[in-house]
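Chain residues, written in single-letter form:
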Amino acid sequence: MWNANALCGVIGAFNVQGSEWSRRLRRFIKLPALQPAVSLSLRPSLVAEPPFQTGAHAVYAFRSHELRAPVGADEVLSYGRLEAGEWELFTVAPIATLALSRARGEREAVEWAPLGLLDMLNGGGAVVQARGSDAGFAKLRVRGCGAFGMYASRPAADVRVDGRSVASEYDGVRGLLRFELEEMPREGELHDVIVRFI
């Protein structure tokens with residue numbers, strides 16, 4: 001199943017074989033019979049909205065914390081197997097490119113995509129707006145609090161949340177830029193996040 005948020009999509013994969021709803025326990029229980037595992041594969045274009053049908057994307061797996069990027073819209077990604085009763089959620093974010101100006105007129109490109117709150121089931125729903133600037137930064141409007149992640153092809157020079165500089169971590173192998181939204185914004189408001197790459 002899939003859903004589209006303001007900027008990100010979410011794909012859910014569930015192996016419901018071998019389980020049933022128990023009215024007495026008020027939860028799903030596994031049945032004693034041996035149930036087969038299923039192979040798990042997907043592609044970003046499973047989110048059937050225009051931004052996900054073309055271009056490059058970042059795909060983040062909620063339970064395994066695996067980030068794959070850049071991924072073409074119709075590129076098939078394999079994630080092994082789901083045993084009976086297991087599940088995984090994937091955030092799918094279209095990748096944008098910033099063209100950075102360097103000394104002596106050199107240009108460099110930075111790819112980036114906001115993934116949202118990493119510890120939230122549909123964390124991409126936290127991203128309300130995102131846009132890039134030729135001045136070398138990405139501006140985001142986000143809701144909620146917790147660990148926020150984005151795909152980036154290089155580390156950030158500075159991350160600011162509501163005007164305050166915050167620490168960030170960058171995993172260059174996966175391209176995961178991570179920082180904390182330490183508190184909830186005031187009711188009815190959003191966090192203003194600026195990620196500067198130069």
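Refer to the structure above for everything that follows.
Participant: What should I look at first to understand a negative patch on the surface in this one?
Facilitator: On the surface, a cluster of negative charge is made up of Asp119, Asp162, Glu169, Glu180, Glu182, Glu183 and Glu189. Inspection of the secondary structure assignment puts glutamate 182 in the loop between β18 (176-181) and β19 (191-196). Judged by its relative accessible area of 69%, glutamate 182 falls in the exposed class.

Participant: Would you explain the sheet that holds strand β13 (residues 137-142) in this entry?
Facilitator: Whenever strands of a sheet pair, they do so through backbone hydrogen bonds, lying parallel or antiparallel. Reading across the sheet, the five strands line up as β12-β13-β19-β15-β16 and stay open at both edges, with antiparallel pairing between neighbours. Every other strand in the sheet has two partners, leaving β12 (127-133) and β16 (164-166) as the edge strands with one partner each. When the angles between neighbouring strand axes are averaged without regard to direction, this sheet yields 25 degrees.

Participant: Hey, could you run me through a nonpolar patch on the surface in this one?
Facilitator: A cluster of nonpolar side chains, contributed by Met1, Phe14 and Val16, occupies part of the molecular surface with about 370 Å² of accessible area. Positionally, phenylalanine 14 belongs in strand β2 (residues 9-14). Exposure remark for phenylalanine 14: the relative accessible area of 42% places this residue in the partly exposed category.

Participant: Explain the nonpolar core to me, please; I cannot follow it from the model alone.
Facilitator: Looking at soluble globular proteins, one finds that nonpolar side chains tend to be buried together. Phe179, Val193, Val195 and Phe197 are the most contacted members of the largest nonpolar core, which has 34 residues in total. Elements with a contribution of two residues or more to this core: β6 (56-61), β10 (96-101), β11 (107-117), β13, β14 (146-152), β15 (158-161), β18 and β19. The element contributing the most residues to this core is β11, with five residues. Leave out the neighbours within four places in its chain, and valine 195 touches Gly136, Phe137, Ala138, Met150, Ala156, Asp158, Val159, Leu177 and Phe179. By size, the runner-up hydrophobic cluster in this structure holds 14 residues, among which are Leu42, Phe52, Leu82 and Val92.

Participant: What am I meant to see in the packing of aromatic side chains here?
Facilitator: Any aromatic ring pair is given by two values, namely how distant the centres are and how the planes are angled relative to each other. Considering all chains together, one arrives at three aromatic pairs under this definition. Ring centres of phenylalanine 62 and tryptophan 87 lie 6.1 Å apart, and the angle between their planes is 20 degrees; this geometry places the pair in the stacked category. Remark: tryptophan 87 occurs in strand β9 (residues 87-94) and phenylalanine 62 occurs in the loop between β6 and β7 (67-72); sequence separation between them is 25 residues. For tryptophan 87, a relative accessible area of 27% translates into the label partly exposed. Positioned over the ring face of tryptophan 87 is arginine 63, at 4.5 Å from the centre of the ring. The lysine or arginine in question, arginine 68, covers the ring of tyrosine 79, its NZ or CZ lying 4.0 Å from the ring centre.

Calculation notes
Residues numbered from 1 in each chain as written. Predicted model: local features only at pLDDT ≥ 70, side-chain atom pairs only at ≥ 80, totals over all residues. Heavy atoms only, no water. Patch = residues over 30% accessible without salt bridge, like charges linked within 9 Å, V, L, I, M, F, W, Y side chains within 5 Å. Areas by Shrake-Rupley, 256 points an atom, 1.4 Å probe, with all protein chains shown as cover. Salt bridge = Lys/Arg side-chain N within 4 Å of Asp/Glu carboxyl O. Lys, Arg positive; Asp, Glu negative; His and termini not counted. Charge placed at Lys NZ, Arg CZ, Asp CG, Glu CD. Helix = DSSP H or I, 4+ residues; strand = E, 2+ residues; numbered from the N terminus. Buried < 20%, exposed > 50% of the residue type's maximum accessible area, 1.4 Å probe, protein only. Pairing = 2+ DSSP bridges. Axes fitted to C-alpha atoms, helices over the stretch in contact; angles between N-to-C directions. Core = buried A, V, L, I, M, F, W, Y, C linked by side-chain atoms within 4.5 Å. Contact = heavy atoms within 4.5 Å. Phe/Tyr/Trp six-rings, centres within 6.5 Å; stacked < 30°, edge-to-face > 60°. Lys NZ or Arg CZ within 6 Å of the ring centre and 35° of its normal.

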